[in-house]
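Close look at the chain arrangement
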Amino acid sequence: MTKPSNATRLNATAAIAVLLCAVSAPSFAGNYAEGDPRPVASTSSVARAAVASDTQQWLKAAPTQGYTDGIAQQAAVVSANTRAAVAADTRLWMQSGLAAKQNSEAGADVAQPGYRQAAAQYMSGRVAAQAQGQLQTTVR
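Quick look at the structure, then.

Here is what the cut-offs are and how they apply
- Residues numbered from 1 in each chain as written.
- Predicted model: local features only at pLDDT ≥ 70, side-chain atom pairs only at ≥ 80, totals over all residues.
- Heavy atoms only, no water.
- Salt bridge = Lys/Arg side-chain N within 4 Å of Asp/Glu carboxyl O.
- Helix = DSSP H or I, 4+ residues; strand = E, 2+ residues; numbered from the N terminus.
- Buried < 20%, exposed > 50% of the residue type's maximum accessible area, 1.4 Å probe, protein only.
- Polar contact = N/O pair within 3.5 Å; in protein donor to acceptor, adjacent residues only side chain to side chain.
- Contact = heavy atoms within 4.5 Å.
- Core = buried A, V, L, I, M, F, W, Y, C linked by side-chain atoms within 4.5 Å.
- Expected span 1.5 Å × (residues − 1).

Taken as a whole and assessed by the stated rule, the structure comprises one salt bridge. In this structure, Arg-126 and Asp-89 form a salt bridge, with 3.6 Å as the shortest nitrogen-oxygen distance. Here the residue Arg-126 occupies a position in helix H5 (residues 113–139), and Asp-89 occupies one in helix H3 (residues 83–96), the gap between them amounting to 37 residues. Residue Asp-89 is classed as partly exposed on the basis of its relative accessible area of 26%.

Topologically, Ser-96 is positioned in helix H3. A polar contact of 2.9 Å, which involves the side chain of Ser-96, links it to the backbone oxygen of Trp-93. In this view, Ser-96 contacts Ala-118, Gln-121 and Tyr-122; residues no more than four positions away in its chain are not counted.

Side chains that are nonpolar tend, in soluble globular proteins, to be buried together. Counting five residues, the largest nonpolar core is built from Leu-92, Leu-98, Tyr-115, Ala-118 and Tyr-122. A total of three residues in this core trace back to one element, the largest contributor, which is H5. With near-sequence residues (within four places) excluded, Leu-98 lies in contact with Trp-93, Tyr-115, Ala-118, Ala-119 and Tyr-122.

We now examine H3. The end-to-end C-alpha distance of H3, which contains 14 residues, comes to 20 Å, matching closely the 20 Å that a straight helix rising 1.5 Å per residue would cover. Downstream of H3 by one or two residues, Gly-97 has phi in the positive range, about 100°.

Another aspect to go through is the environment of Tyr-115. Among the secondary structure elements, Tyr-115 is positioned in helix H5. Given the relative accessible area of 15%, Tyr-115 is considered buried. Distance from Tyr-115 to Ala-100, taken between C-alpha atoms, is 9.4 Å for residues 15 residues apart in sequence. Residues within four places of Tyr-115 in sequence aside, it is in contact with Leu-98, Lys-101, Ala-108, Asp-109 and Val-110.

Now the structure itself:
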């Protein structure tokens with residue numbers, strides 16, 4: 001048996017490639033014939049004036065998205081806490097155990113007694129810190 005030449009193998013490979021392309025071409029076109037119709041534009045039965053009127057009515061009661069010209073925005077409330085006060089509150093939050101509870105797998109689950117105990121310890125620490133802060137401000 002003789003070995004086929006390179007030209008014969010190349011022709012056979014090209015023929016198989018063309019056959020595979022011809023067989024797979026319909027799968028790239030979409031399957032519109034079997035229940036997947038092409039979209040058709042629908043016509044509206046509502047008059048243009050009625051749509052404009054409905055839109056105006058909706059806009060009167062619609063929630064605002066962003067800042068609009070006709071609506072005055074409230075001033076942003078800025079915290080008066082100092083950097084030291086925020087750092088002290090963060091330390092209190094970590095020391096009370098709330099940080100560990102909130103970052104645990106269960107998360108901030110108020111139904112767990114451990115979380116409620118840590119929250120109570122945090123709140124009592126905050127009350128004590130606020131009372132001490134008020135004493136410091138009145139002494140000065």
